[in-house]
Structure formats: structure tokens, C-alpha cells
Amino acid sequence: MDMLFQILCSTTFCLIIYLLSGQPLDPLRFLLFASACGIVALISQTLGLLVCTILRLKHAVVFGSLFIMPWVIFSGYFLRLQDAPWFSHWLFHINFLKYGFQCVVLSIYGYDRPRMPCSKDYCHFVFPQKFLKHLQLQQEKYYANFLILAAILLVTKILTFHVLKYQLKHKRKKLVDEE
């Protein structure tokens, strides 16, 4: 039930953001955008549950925020892969925010989006392909990134389930031993 609620809330949020930011009224483009945002929200929720399952609630509130920081830093938005030290490259490849960011950018600026309106004499990114090239995303594929996000979601759900199962078994055993 919470998964349905999460999807409904993220879709509503995406609809508001999509319309207010003046994106093209293209149903496929919006569906791709909302799907990317929705799966990132589901992964984030699952990681939050995992952190809360591993730690006590009072510790999870503090360390949950610290836990997400490496994902944000290595998402490709603040630090690009070629600018990072070689020993940290693996963090980019397992980062769900990186794949989510790429899906969102590709859904908005990819798929042969026409020239963007510009009211100034010079607009550097009037052509969406130029923006994708600047972000080094012109060779990326939306569906490949989305499948990686789906795999990450599945792995985190399974991991969270097994950690929760272990914690419950451990707590039951502790309660039985105390009696």
C-alpha cells in the first residue's frame, strides 16, 4: 500500500514540477520523467527503511542523512566521473541518483526535443543536444539507466527484507531468552 502511495505522491509532484517548469506537453516525455522520479523515490524509501532496520530510530535519524551524502556527491551532478579520483569510480557505477539524474535529463532534453525558445541575443543551450553533450549524456540510453534503477530497487528491497527478517528473528530469540 505504501508503494502505491509513494507512486501517487511522486507523480503528483512531478506533474506540478513539469508544468511549472514549462516543459513540452508531450505525454511520453512526462511519463518517462515521472517514472524516473518515481523509481528514485521508491529506492530512497527502501534505503531509508534499510537504515532504520539496521539502526535504532534515534540513530537512524542522524545517520540516515549522513548515509545519503556519498550518493549525492557521486551522482554526477556535483562531481563528474572524469574529475573524481580513480579509486572512487565504483561509487558512480552503483549510484542510484546518478542513473536517476541521467533518466530525468534524458527524458526532458532527449528524444529529439526541438530547439528551445530563447528571448536573449545569445542562448548557449538553445539546442537540447548541445546540453546533453555538455553533460556527456549524448550516448546514454534512458531505458538502460531505468533497468539499472529497477535492478537496484529489487536488490535493495530484497536486502531490506532479509535484514528485517534477521532483526525480527534476533529480537524474538532475545525475548525468549529473557523469559
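Draft legend 1. Highlighting the state of the cysteines. Within the structure shown, the criterion is met by 1 disulfide. The residue that forms a disulfide with Cys 118 is Cys 123, at a sulfur-sulfur distance of 1.4 Å. Its torsion about the S-S bond being 55°, the disulfide of Cys 118 and Cys 123 is classed as right-handed. There is no disulfide at Cys 52, and the cysteine sulfur nearest it, in Cys 9, is 18 Å away. Here Cys 103 is not disulfide-linked; the sulfur of Cys 37 is the nearest cysteine sulfur, at 9.5 Å. Accessibility expressed as a relative area gives 0% for Cys 103, which makes it buried.

Draft legend 2. Spatial organisation of the pattern of salt bridges. With the rule as written, the count across this model stands at 2 salt bridges. Of the charged contacts, one joins Asp 26 and Arg 29 as a salt bridge, the two residues approaching to 3.8 Å between their closest N and O atoms. Overall, Asp 26 belongs to the partly exposed group, its relative accessible area being 31%. Note on Arg 29: relative accessible area 6%, which makes it buried. We note a salt bridge from Arg 80 to Asp 83, for which the minimum N-O separation is 3.5 Å. The partly exposed category is assigned to Arg 80, whose relative accessible area is 32%.

Draft legend 3. The nonpolar core, seen in detail. Counting 22 residues, the largest nonpolar core has Ile 43, Phe 96, Tyr 142 and Leu 149 as its most contacted members. Sorting the residues of this core by element identifies helix H2 (27-54), helix H5 (96-109), helix H6 (128-134) and helix H7 (142-178) as the ones contributing at least two each. At 8 residues, the largest contribution of residues to this core is made by H2. Contact partners of Phe 96, with chain neighbours within four places excluded, come to Val 40, Ile 43, Ser 44, Leu 47, Ile 68, Trp 71, Leu 149 and Ile 152.

Draft legend 4. Summary view of unusual backbone geometry. Even without glycine at this site, Tyr 111 takes up a positive phi of about 55°. Residue placement: Tyr 111 occurs in the loop between H5 and H6. We classify Tyr 111 as partly exposed; its relative accessible area is 39%. Positioned with a positive phi, Gln 136 is a non-glycine residue whose angle comes to about 60°. Counting through the fold element by element, Gln 136 comes out in the loop between H6 and H7. On the accessibility criterion, Gln 136 (43% relative accessible area) is partly exposed.

Conventions used here
Residues numbered from 1 in each chain as written. Predicted model: local features only at pLDDT ≥ 70, side-chain atom pairs only at ≥ 80, totals over all residues. Heavy atoms only, no water. Disulfide = S-S within 2.5 Å. Buried < 20%, exposed > 50% of the residue type's maximum accessible area, 1.4 Å probe, protein only. Salt bridge = Lys/Arg side-chain N within 4 Å of Asp/Glu carboxyl O. Core = buried A, V, L, I, M, F, W, Y, C linked by side-chain atoms within 4.5 Å. Helix = DSSP H or I, 4+ residues; strand = E, 2+ residues; numbered from the N terminus. Contact = heavy atoms within 4.5 Å.

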